[in-house]
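For reference, the chains in residue letters:
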Amino acid sequence: MATRKIKFGVTIPQWGATWTEARDIALLAEDVGFDSIWVADHFFGVTGEDPLEAWTEMSAVAAITKKIEIGFLVLCNSYRHPPLLAKAAATFDQIANGRLILGYGAGWFVQEYEAYGYEYPSMRTRLEQLEEGLEILKRMWTEESPTFHGVHYHVENARCWPPPVRKPHPPILIGGGGEKILLKLVARFADIWNNLGAFHGHVADKIKVLRAHCEKIGRDFDEIEISQQTLGAIGASKDEAKRRTEKCIKKSAS
């Protein structure tokens, strides 16, 4: 079994935040030695104030930082056409000099879809679209002029130049715990799997399912990095911090 190094990332200000706040915390996180910084991909506040737009915020962060990895938990496939995302991500990775982690998901926040005019298909369709999007991303990052004809998306000799800096491509993170379909996609496509903080207690069971999916397709489970989102709060005492953390977990699961 491969030895796994424990790395630590932090979410930078986004919800109800100003760019100045986000910039300062990103620079501080790099200065004190965090391995990575992250934002979510939403237009509306999930539990509070509305956020800065993820891709714009982190593109700016990529230009002012030097060594910290920059990731998304996670980009919604529905919001950006996969070939355009592949091209944008390659440019992002050029700006960041190979520090992009491309977090990717099927999308779920129906109010955002409706408000911004996106079609909100069934979960099955969104997962099918996610699968095709993952195929397009990988092929555009690793092939010279890929052609792909799927049910939902297609590309025709889709060049992606200049390519990403990181080889063979930026790490793909898939977040979520759906055992029948999503974890199968993790086994096929992901370099990193992220388990949501609200489901921290289920991580061992999910890992067993993911390992089984890897075995079925002949993939080495140890090639996949395990990422666990955690939720916490600071308090004046241990008891106060615990109460605030429990409140945060309940809110995120609701």
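Look up: the structure comes first, before these words.
In what follows, the accompanying structure is described. Since the structure is predicted, the reported quantities are computational estimates derived from the model, not experimental observations. (Residues numbered from 1 in each chain as written. Predicted model: local features only at pLDDT ≥ 70, side-chain atom pairs only at ≥ 80, totals over all residues. Heavy atoms only, no water.)

What to know about helix 1 (residues 19–32)
Stage number 1. Counted at 1.5 Å a residue, the expected span for helix 1 with its 14 residues is 20 Å, and the 20 Å between its end C-alpha atoms agrees.
Stage number 2. All of the buried residues in helix 1 are Ala22, Ala26, Ala29 and Glu30. Along the axis of helix 1, the buried residues cluster in a sector spanning 95 degrees; they form a single face. Helix 1 presents Asp31 and Val32 as exposed residues on the side facing more than 90 degrees away from its buried surface.
Stage number 3. In this structure, the buried side of helix 1 is in contact with strand 1 (9–11), strand 2 (36–39) and helix 2 (54–64).
Stage number 4. Where helix 1 terminates, the next one or two residues include Gly33, which has phi positive at roughly 105 degrees. (Helix = DSSP H or I, 4+ residues; strand = E, 2+ residues; numbered from the N terminus. Expected span 1.5 Å × (residues − 1). Buried < 20%, exposed > 50% of the residue type's maximum accessible area, 1.4 Å probe, protein only. Arc of directions from axis to C-beta. Contact = heavy atoms within 4.5 Å.)

Section: a nonpolar patch on the surface
Stage number 1. Together, Ile6, Phe8, Ile25, Leu28, Val32 and Phe34 make up an exposed nonpolar region whose accessible area comes to about 590 Å².
Stage number 2. Mapped onto the fold, Ile6 is located in the segment before strand 1. (Patch = residues over 30% accessible without salt bridge, like charges linked within 9 Å, V, L, I, M, F, W, Y side chains within 5 Å. Areas by Shrake-Rupley, 256 points an atom, 1.4 Å probe, with all protein chains shown as cover. Salt bridge = Lys/Arg side-chain N within 4 Å of Asp/Glu carboxyl O.)

Quick notes on the packing of aromatic side chains
Stage number 1. One pass over the full model with this rule turns up 11 aromatic pairs.
Stage number 2. The interplanar angle of 35 degrees and the centroid separation of 4.4 Å between the aromatic rings of Phe43 and Tyr116 together place this pair among those described as tilted. Of this pair, Phe43 sits in the loop between strand 2 and helix 2 while Tyr116 sits in helix 4 (residues 110–116); the two residues are 73 residues apart in sequence, bridging distant segments of the chain.
Stage number 3. Here Phe43 falls in the buried class, since its relative accessible area comes to 15%.
Stage number 4. Relative accessible area serves as the criterion here: at 47%, Tyr116 is assigned to the partly exposed category.
Stage number 5. Measuring from ring centre to ring centre gives 5.4 Å for Tyr79 and Tyr113, while their planes differ by 55 degrees; the resulting arrangement is tilted. Of this pair, Tyr79 sits in the loop between strand 4 (75–76) and helix 3 (82–96) while Tyr113 is found in helix 4, placing the two residues 34 residues apart along the sequence.
Stage number 6. For Tyr79, a relative accessible area of 9% corresponds to the buried category.
Stage number 7. A connected cluster of aromatic rings, assembled from ring pairs, spans Phe43, Phe44, Tyr79, Tyr113, Tyr116, Tyr118 and Tyr120. (Phe/Tyr/Trp six-rings, centres within 6.5 Å; stacked < 30°, edge-to-face > 60°.)

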